[in-house]
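Read off the chains here:
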Amino acid sequence: MDPLRLLGCGLLLCVQLHIGVTGDCPADGRTWVPFGNGCYYFVHGSEDKIKSYTFERAKSLCQGFELLSIQSAEENDFVVKYSPEVWKNNVNIWLGMYFDTNSDGMRWFGERPVGFRNWEGGSSPPDLVPLDTCVALHSNTGKWENVSCVDQTENGVVCETDQIVTFLREPFLCSPQGSSLLLSALVIVSVVVIMGVSAVIWFVHQKKSPGSTMLTAFEYHPPFRVLDEDRSCLVEAEETDSAP
Ligand SMILES: *[C@@H]1O[C@H](CO)[C@@H](O)[C@H](O)[C@H]1NC(C)=O
C-alpha cells in the first residue's frame, strides 16, 4: 500500500460501504436450489425407482433443516415446475406442517402460521383424526391433500432453509477507486481553501485603505512632496503673472 493510500485509510478508516448482498445456500455437497429467499433440496432426484418415505423418515432426511413449507402461490408454482427436473414421475411431497392443538388448526414447523393455502376440494379422509393429520403436495397439480402422518408414505421429500444473507463490507477508501477519489477531493479542497483565504486577505486590505492597491501601499512618498513644491512654484508664478 502506498503512503498516500495509507494516509487516506488512516484518516477515514471508519468509512465503510455496504457493497452488496448475496444469498447463499448451504454448501454441504448437496444440490440446493435457490428461490426467493429460500434454498430447496429435492431429495433423491434423478432416480428411476420411486421411493416411499414415512413422515418421520422425511423429517430425519432433512435433519438440521425444515421440510418444505409453502408461503405463497409463487413458491407453490416453483415446486411444481421444478419437480420434473428431479423426478421422472409425479410425486406427492411431504409438507412441513402439523396439527397444532393450541390453535386447533394446521401450522408450519418453525411456528409460522398457515397463510397461503392450496388444499384441493373435498375434505379429509373420514377416518383421519386432526392430531394425525399431515399434508402432501401433488407435484402435478400443486394441490395439497390431508393424509395420515403415521399410516401414509409419500414419495417426495423437499428440504428447505433460508438463504444465508451476507453484507460484503468493504473499507471503501482503501480500495484503489476510493483512494484516488480521496486524493482528488483533497486537491480540490486545498485549491478552494487557498483561493478563499487569498480573497479574504485582499478584501480586508481593500477596506482598510480604499483607492490603493497592495503595491501603492509600499510606494515611496517623497516624490509627492516634490510635486507639491513644483505646484506651489507654479501657483506663485501664476500669481506674479497676473499681477498688474
Ligand atoms: C385438513 O386437516 C386440517 C386439520 O384437521 C383441517 O383443519 C382442514 O380443514 C383439512 N382440510 C381439508 C381440505 O379437509
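Up top is the structure.
Thresholds, definitions, all that
Residues numbered from 1 in each chain as written. Predicted model: local features only at pLDDT ≥ 70, side-chain atom pairs only at ≥ 80, totals over all residues. Heavy atoms only, no water. Pairing = 2+ DSSP bridges. Helix = DSSP H or I, 4+ residues; strand = E, 2+ residues; numbered from the N terminus. Contact = heavy atoms within 4.5 Å. Axes fitted to C-alpha atoms, helices over the stretch in contact; angles between N-to-C directions. Near = heavy atom within 4 Å. Polar contact = N/O pair within 3.5 Å; in protein donor to acceptor, adjacent residues only side chain to side chain. Areas by Shrake-Rupley, 256 points an atom, 1.4 Å probe, with all protein chains shown as cover. Nonpolar A, V, L, I, M, F, W, Y, C, P; charged D, E, K, R; others polar. Disulfide = S-S within 2.5 Å. Buried < 20%, exposed > 50% of the residue type's maximum accessible area, 1.4 Å probe, protein only.

**Topic: the sheet that holds strand β2 (residues 32-35)**
Point 1. Strand order in the open sheet made by the 4 strands is β2-β3-β10-β4, with antiparallel pairing throughout. Across the chains shown, the open sheet's two edge strands, defined by having one partner strand only, are β2 and β4 (66-67).
Point 2. Strand direction decides the pairing type here: β4 and strand β10 (residues 158-162), joined by 2 bridges, are antiparallel. Bridging from a neighbouring strand, Leu67 pairs with Cys159 of β10.
Point 3. Taken strand by strand, helix α3 (residues 73-86) contacts β2, β3 (38-42) and β10, and its axis lies near 35° from that of β3.

**Looking at the site of the ligand**
Point 1. Around the ligand, the structure places Phe99, Met106, Trp119, Gly122, Ser123, Ser124, Pro130, Thr133 and Asn146.
Point 2. Within the contact set of the ligand, an oxygen atom lies 3.1 Å away from a backbone nitrogen or oxygen of Ser124.
Point 3. At a separation of 2.3 Å, an oxygen atom of the ligand approaches a polar side-chain atom of Asn146.
Point 4. Within the complex, the protein chains bury 66% of what would otherwise be the 360 Å² of accessible surface of the ligand.
Point 5. Grouping the constituent residues of the shell around the ligand by class yields 4 nonpolar, 5 polar and no charged.

**Some words on the sheet that holds strand β5 (residues 92-94)**
Point 1. Read across the sheet, 3 strands follow the order β5-β8-β9 without closing on themselves; strand pairing throughout is antiparallel. Across the chains shown, the open sheet's two edge strands, defined by having one partner strand only, are β5 and β9 (144-148). For this sheet, the mean angle separating the axes of adjacent strands, direction not counted, is 40°.
Point 2. Alignment of strand β8 (residues 133-138) against β9, held across 5 bridges, turns out to be antiparallel. Each bridged residue has a counterpart across the sheet, and for Cys134 the counterpart in β9 is Val147.

**Quick notes on the state of the cysteines**
Point 1. Applying the stated criterion to the full structure yields 3 disulfides.
Point 2. For Cys25, the disulfide goes to Cys39, at an S-S distance of 2.1 Å. Handedness of the Cys25-Cys39 disulfide follows from its S-S torsion of about -90°: it is left-handed. Note that Cys25 is positioned in the loop between β1 (17-24) and β2 and Cys39 in strand β3, a separation of 14 residues in sequence.
Point 3. Take Cys25: its relative accessible area is 22%, and that puts it in the partly exposed class.
Point 4. What makes Cys39 buried here is its relative accessible area of 0%.
Point 5. Across a sulfur-sulfur distance of 2.0 Å, Cys134 and Cys149 are joined as a disulfide pair. Disulfide Cys134-Cys149: the torsion about the S-S bond is 105°, which places it as right-handed. Highlighted residues: Cys134 in strand β8 and Cys149 in the loop between β9 and β10, separated in sequence by 15 residues.
Point 6. We classify Cys134 as buried; its relative accessible area is 1%.

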